[in-house]
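What the coordinates show
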Amino acid sequence: MTHTLTINLSKIAANWQALNRFVSAPVDCGAVVKADAYSLGMAEVLPALYLAGCRTFYVANLGEALDARGILSDVCGSYSDVAIVVLGGCAPGEERRFIDYRLVPVLVSTAMLERWCTVNGGEHNVLGSILKLNTGMGRLGLEPAEFERVVQDPAYLARADVRMLMSHLACADEPEHSLNAEQLQRFRRALDVSSERYRPLTASLANSAGVCLGGDYHFNAVRPGLGLYTSFAQADACGLGLETAVELHLPVVQVRNLPAGESVGYGATYRAERDARLAVVAGGYADGLFRALSNRAHCWVCAPSGAGGWRVPVVGRISMDTTIVDISAVPEGVVAEGSRIEFIGTHVPLDDLAASAQTINYEILTSLGVRYKRHYIRANPS
């Protein structure tokens with residue numbers, strides 16, 4: 001049976017436009033499209049975002065950047081109005097390809113900065129480079145003391161053609177967390193130091209959740225990723241009107257009866273207290289339905305009329321290829337072999353599925369497996 005993941009490109013485009021309106025010009029609203037556009041398909045998502053007005057695209061590495069460049073070249077021809085920013089910077093030996101293909105490296109260490117200076121010094125990359133500062137994430141970026149030393153030599157930064165300072169928020173999805181304000185303060189201090197000793201730099205701090213923290217965090221450019229593909233609690237609170245652009249409905253392979261007292265699934269982790277009717281669904285942890293969802297997740301059976309339906313639990317351990325759902329509450333005959341049950345969609349928000357797995361929506365989204373046939377819904381011609 002076909003595993004189909006439905007991806008609404010119109011909603012992705014509309015989500016970007018909503019974020020773009022929220023930050024308002026002249027703030028540049030880009031799009032994070034790494035990991036194959038969060039597993040939804042870069043080849044389809046990038047053109048939709050470009051046609052919606054997006055011109056800055058963020059990827060993880062050189063391979064993704066070259067893929068993005070090829071896709072966008074087919075859409076816009078000259079490619080002259082697009083910037084592709086590589087968040088992981090350039091590995092040793094990649095510098096020349098960044099220059100040749102007009103890719104913007106995010107320089108995340110002094111060693112990377114030095115290598116970039118060596119190659120870029122005589123022939124500037126047309127779009128310059130971005131320097132990343134660690135303000136509290138503790139992941140990539142120069143430490144404040146390293147930045148202080150680097151900025152003492154303006155000619156050094158000029159050879160690297162550094163045009164933007166970037167950092168990343170560690171707790172943006174927790175609006176009340178004190179580290180948000182601390183990181184903001186550290187970032188502003190670094191920008192002030194740059195203005196005094198080098199030159200004023202443009203700045204980028206906010207991801208999707210960071211956008212929702214308000215204008216103080218927007219600076220010159222924002223980098224939404226998750227918000228392009230789905231709504232989330234902060235976005236709802238801000239009234240952004242984002243929509244989940246992904247729907248997952250999985251087919252039923254078999255309907256079977258489970259007598260009271262019998263168990264189901266590996267490890268016999270679920271035992272029926274009364275006679276039950278089960279649906280065995282095609283799709284398991286090889287398809288992004290984490291084993292942690294076993295005996296925890298709920299999905300949705302739509303009523304034949306299309307109005308209403310039934311919230312039904314996953315029972316037993318999720319297997320590699322199958323998931324078992326208790327459909328005892330659904331009238332007999334509604335679910336049969338070939339019926340489809342909603343795992344992500346209108347009635348099962350991505351956030352709810354992530355909460356059931358005790359993880360985050362990012363992990364669910366990027367883990368949706370390669371076995372799905374991706375069905376794309378495009379904008380209606382105007």
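The sections below set out a description of the structure shown in this document.

**Quick look at the overall build of the protein chain**
Assigned secondary structure in the protein chain consists of 14 helices and 19 strands. Taken over 382 residues, the protein chain has a buried fraction of 51%. Across the protein chain, every contact between residues at least 6 apart in sequence was considered, and the portion connecting residues at least 24 apart equals 67%. About 16,500 Å² of surface is accessible on the protein chain, with carbon and sulfur atoms providing 49% of the total. Here the protein chain contributes 33 positively and 39 negatively charged side chains, and the mean placements of these two sets differ by 2 Å.

**Quick look at the environment of P105**
When you line up the elements, P105 lands in strand β6 (residues 103-107). Between the C-alpha atom of P105 and that of A282, which follows or precedes it by 177 residues, the distance is 42 Å.

**Overview of the side chain of Q234**
Within the secondary structure layout, Q234 lies in helix α12 (residues 233-237). Beyond its immediate stretch of four places on either side in the chain, Q234 contacts A172, D173, E174, P175, A209, C212 and L213.

**Side note on the packing of aromatic side chains**
On inspection of all chains with the given rule, the structure shows four aromatic pairs. Ring geometry for Y38 and Y362: centres 6.1 Å apart, planes at 40°, overall tilted. Linking Y38 in helix α2 (residues 34-38) with Y362 in helix α14 (residues 361-366), this pair joins segments that are 324 residues apart in sequence. Of the residues examined, Y362 reaches a relative accessible area of 28% and is grouped as partly exposed. Centre to centre, the rings of F98 and W116 are 6.4 Å apart; their planes meet at 80°, and the pair counts as edge-to-face. With F98 in helix α5 (residues 95-100) and W116 in helix α6 (residues 110-120), this pair connects stretches of sequence that are 18 residues apart. Overall, W116 belongs to the buried group, its relative accessible area being 0%. A cation over a ring is seen here: R55 above Y50, with NZ or CZ 3.7 Å from the ring centre.

Calculation criteria
Residues numbered from 1 in each chain as written. Predicted model: local features only at pLDDT ≥ 70, side-chain atom pairs only at ≥ 80, totals over all residues. Heavy atoms only, no water. Helix = DSSP H or I, 4+ residues; strand = E, 2+ residues; numbered from the N terminus. Buried < 20%, exposed > 50% of the residue type's maximum accessible area, 1.4 Å probe, protein only. Contact = heavy atoms within 4.5 Å. Areas by Shrake-Rupley, 256 points an atom, 1.4 Å probe, with all protein chains shown as cover. Lys, Arg positive; Asp, Glu negative; His and termini not counted. Charge placed at Lys NZ, Arg CZ, Asp CG, Glu CD. Phe/Tyr/Trp six-rings, centres within 6.5 Å; stacked < 30°, edge-to-face > 60°. Lys NZ or Arg CZ within 6 Å of the ring centre and 35° of its normal.

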